[in-house]
Number of protein chains: 2
Amino acid sequence: MKKHTATNEQSGITLDFTHVMGKPEDGFLTTRDINAMEETIQKIHNVLLEKKANNTLGFYDLYTRNTMIDEVETMAKKLAPTCENLVVLGIGGSALGTIAVHRALNPWHYNLLPENSRKGPRLFIMDNIDPETLGSLLEFLNPEKTIINVISKSGSTAETMSQFLIARKWLMDNLGQTFNRHIVITTDPESGFLRKIAQMENFATLPIPADIGGRFSVFTPVGLFPLAMTGIDIRKLLAGCKAAAQTCTLPEVWKNPAYLSGIIHYIFEKKQGLKLWVMMPYSDSLKEISDWYTQLSAESLGKRFDIHGKEVFCGPTPIKALGATDQHSQLQLYMEGPRDKIFTFIEVETFRNNDITIPKAYEDIEGVEYLGGHTLGELLNTELRATRLALRTNKRPSITFRFPEINAWTIGQLIYILEVQVVFLGHLYQINPLDQPGVELGKQLTYGLMGRSGFEKSLKDVKQAESSALKQYVKTTLQ
Amino acid sequence: MKKHTATNEQSGITLDFTHVMGKPEDGFLTTRDINAMEETIQKIHNVLLEKKANNTLGFYDLYTRNTMIDEVETMAKKLAPTCENLVVLGIGGSALGTIAVHRALNPWHYNLLPENSRKGPRLFIMDNIDPETLGSLLEFLNPEKTIINVISKSGSTAETMSQFLIARKWLMDNLGQTFNRHIVITTDPESGFLRKIAQMENFATLPIPADIGGRFSVFTPVGLFPLAMTGIDIRKLLAGCKAAAQTCTLPEVWKNPAYLSGIIHYIFEKKQGLKLWVMMPYSDSLKEISDWYTQLSAESLGKRFDIHGKEVFCGPTPIKALGATDQHSQLQLYMEGPRDKIFTFIEVETFRNNDITIPKAYEDIEGVEYLGGHTLGELLNTELRATRLALRTNKRPSITFRFPEINAWTIGQLIYILEVQVVFLGHLYQINPLDQPGVELGKQLTYGLMGRSGFEKSLKDVKQAESSALKQYVKTTLQ
């Protein structure tokens, strides 16, 4: 009997795929379905190993880059004691990984804790350009006690550069000449506007390795620096990556959790049209892992390509959910809506506070009495077990990543597995998982509207498209 | 020329539907497509008015229930000055509306503000049963300065009752006999375990009107009490509902934003298979409106039914996004992934802090220079305009709800419009938008596993389903 799990390492995280296996007539898989993909998997495996060796997929070996890790640790050790607040200015890949790991590993109400109950400054990750939010933050913070970490690989991200210009002036107005000691720039080691500015202004800098794209950058200084500032053990995170790397580079699909999860998703999507991929951790502190994974999946796999001159639009849509909360929100749809979803649950076996027992009370009220004596974690995991089984009963498949406990080592593992999974999927779909050409048009139209020189044509395009949208509509109403 | 907007009231919110109208060959709509639904719309309109008159759809007239509103205000006025913390224990409809309105109307970092900068206690909405979260919250709070608001209409929600038992013991252990002054129960006015318990323990109570289901309950004491505690003007929220009610009960689809938005979604789903409905506010403080709407839509519209004895699974899948942030996450998929989505943007014209100007700097660096002199809000709204147009270029339709400003009045309007829209859609799909039968199975399996008396059969069902899942799998591997 084959075990239903692909364990990553003893007491590491486990992939449980019991609830995708079953009778074909119920829409479940057999081992034969997966074994039939063997040749394709091996081909992709060889391509991935080759790209890994050529440093085209740099995220594979970030845990080996000791100079980079030392540099982050040294800077965090120097700066953390000097500040009350760390503000990260970054968007997309420059924010989502940091948010996910911060929320996973730091206390739930971290910024509310008194200073002596935290291992570092408060952390504010500003990944949007809403003036109300940024305005109220700057009003609230003491600039003398604040470090601003500006993150953009290209140094030309409009959102981040705008935030930077505002925060820079705020520091200058309040601190005068010494303002530059309050800024740390994380950017490309050599090129880009932000690198140039950092040199001009004498800002402290950290490098984003040239071979790493934004959505794969959480274990570069992009994520490692702010995380280290809050006291997270970044070496333990990277040790988790190293442990995951051992299994995620194995050729055998049954032993490689990234390939196994990837091929399961691929088969359900290709053969049964399950295009909606729900990620549903049963843990508050893993909620933002879904946000991070949404970017990783959507940007990597949502791609247009041509087959014999015909445009094809491809890519699964990631969906964010949280257990048990979403049992009272999205579950109705998952159970009775279209059979177009596959679920990735994340389960935690042991809670970091050793759980809470529900006290016995009201023992004559049968609808309440049964709860007493169980723990809250037991209820949470029982609900997951029941929900997973109820979904199976309705022929909806799921996999589960099971954490023995949430810690830096297991979080490092999960992130690494999912990164390999997405790159593997990109090769299954025969698209480039590392680019994002679809966001260019919107950027260019924005440049045009904002009056950036060289983008006069984009402005013309906007005007024309808008007026034709209106004209078309007028024509329609006149029919 | 017909105007492209269905305005709700002067300086109220506006529905802009320009970007669903266009050439049929590009997949856009003509007015003829909408007018062709006239008869169906009128039939449903009459049914809705009838149900409204019969109090089957109580949410329509919550703004008229003065006794309820007075009761909430009186209690909030009495309790707010006595506490530092208000903890809401509730899940799904007992939490999502409150979170959405709290985040929309209170300052972004509300709980971090010093007491004299807030109009009420800090607000902690606990809508999950993760023991790590609840444990760390109770460790952090001073029970003497804390009010616990327990919300469950039935009084038998397992998650909320478990939280309640834990919080009750925490108060008793710390405060002794007077603990009951720290609990407010919001539940059915007459029936249910929680009503019974409140009477036994002499807890303060607030009613959830019998004719209102959980996901339509934000403007009952469920939402109104915690919101009033934080100083939000609940009468202004309800005035917004009243204003929206005037247009959302009009028979003319072109004047009724709820019907118009509903019919647009319906036509795209039915005729073009756009089953993924993305809600994407360009405003941090409206982010959680998408969470609230996700429940409203998923539970109301995700339904199984029978046609001539054949099971049909129906329902659009709501997707949460945030602008501009998700331009760096989900947009690639929206642009180049399958054409299976319609977008609801939310735009804010005037920001509450009068916006922030991006300072001019680095005028010789062309990729930065163009930003100076614009405001941050201008950049945000320019990005929305560019993204909407880029999506249109790729034949992806969108509507926009436009806020002149975010305030209690306009938020009341939006919520009301979306509630009517969902109920209208339920009738278009000919399903019951008010029930949620699909979540029952999971609940029963949970009861069985937790040893609730009367659910012994459910426990047997779990064991059998699990062992057959395993057996099936073993059989498969042995092939």
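Residues numbered from 1 in each chain as written. Chains lettered and ligands numbered in written order. Predicted model: local features only at pLDDT ≥ 70, side-chain atom pairs only at ≥ 80, totals over all residues. Heavy atoms only, no water.

Peer 1: I keep staring at the interface of chain A and chain B and nothing clicks. Help me out?
Peer 2: Note: interface size is frequently given as the accessible area lost on complex formation between the parts. Taken residue by residue, the interface counts 146 residues in chain A and 145 residues in chain B. Note that A:Glu366 is salt-bridged to B:Arg452, the shortest N-O span being 3.4 Å. At the junction of chain A with chain B, the criterion picks out 39 residue pairs in polar contact (both at pLDDT 80 or more). With 12 residues, the single largest contributor to the side of chain A that touches chain B is helix α14 (residues 376-393) of chain A. Here the side of chain A that touches chain B is built from residues that sort into 69 nonpolar, 48 polar and 29 charged. (Contact = heavy atoms within 4.5 Å. Salt bridge = Lys/Arg side-chain N within 4 Å of Asp/Glu carboxyl O. Polar contact = N/O pair within 3.5 Å; in protein donor to acceptor, adjacent residues only side chain to side chain. Helix = DSSP H or I, 4+ residues; strand = E, 2+ residues; numbered from the N terminus. Nonpolar A, V, L, I, M, F, W, Y, C, P; charged D, E, K, R; others polar.)

Peer 1: Can you help me understand the side chain of B:Arg168 in this one?
Peer 2: Among the structural elements, B:Arg168 can be located in helix α6 (residues 158-175). Residue classification places B:Arg168 among the buried residues on the basis of a relative accessible area of 13%. A polar atom in the side chain of B:Arg168 sits 2.8 Å from the side chain of A:Tyr362. (Buried < 20%, exposed > 50% of the residue type's maximum accessible area, 1.4 Å probe, protein only.)

Peer 1: How should the environment of A:Met200 be read in this particular structure?
Peer 2: Tracing the chain through its elements places A:Met200 in helix α7 (residues 193-201). When residues no more than four places from it in sequence are discounted, the contact partners of A:Met200 are B:Tyr362 and B:Ile365.

Peer 1: Help me out: how do you make sense of the domain arrangement of chain A in this one?
Peer 2: All names here are of chain A. The domains assigned to chain A are domain 1 (5-36 + 237-428) and domain 2 (58-232). For domain 1 and domain 2, the distance between their C-alpha centres works out to 30 Å. Every contact between the two is made by 29 residues of domain 1 and, on the other side, 21 residues of domain 2. Counting the contacts that link domain 1 with domain 2 gives two salt bridges. (Domains from an automatic or database assignment.)

Peer 1: Help me out: how do you make sense of the environment of B:Gly176 in this one?
Peer 2: Mapped onto the secondary structure, B:Gly176 falls in the loop between α6 and β6 (183-187). In this structure, the C-alpha to C-alpha distance between B:Gly176 and B:Asp461, residues 285 residues apart in sequence, is 43 Å.

Peer 1: Which parts of the structure should I look at to understand the nonpolar core?
Peer 2: Counting 327 residues, the largest nonpolar core has A:Leu237, A:Ile263, B:Leu237, B:Ile263 and B:Ile264 as the members making the most contacts within it. Apart from residues no more than four positions distant in its own chain, A:Leu237 is found in contact with A:Val101, A:Leu105, A:Phe219, A:Leu224, A:Leu227, A:Ile232, A:Ala408, A:Ile411 and A:Gly412. (Core = buried A, V, L, I, M, F, W, Y, C linked by side-chain atoms within 4.5 Å.)

Peer 1: For this particular structure, what's the right way to read empty space enclosed by the protein?
Peer 2: The probe, sized like a water molecule, is rolled over the atoms to show the empty space still left. Residues and elements named next belong to chain B. Inspection of every chain in the model, using the stated rule, returns six cavities of 30 Å³ or more. Considered as a void within the structure, the second largest cavity measures approximately 60 Å³ in volume. Around the second largest cavity, the lining residues are Ser261, His265, Trp277, Val278, Met279, Tyr293, Thr344, Ile399, Phe401, Leu418 and Gln421. Those elements giving two or more residues to the lining of the second largest cavity turn out to be α10 (257-272), β8 (276-281), β13 (398-403) and α15 (408-428). In terms of residues, the lining of the second largest cavity owes the most to one element, β8, which gives three residues. Residues of the lining of the second largest cavity, tallied by class, amount to seven nonpolar, four polar and no charged. (1 Å grid on protein atoms, 1.4 Å probe; cavity = no way out; pocket = protein on both sides within 12 Å on 5 of 7 lines; lining within 4 Å. Points joined across faces, edges and corners; volume = space filled by probe spheres on them.)

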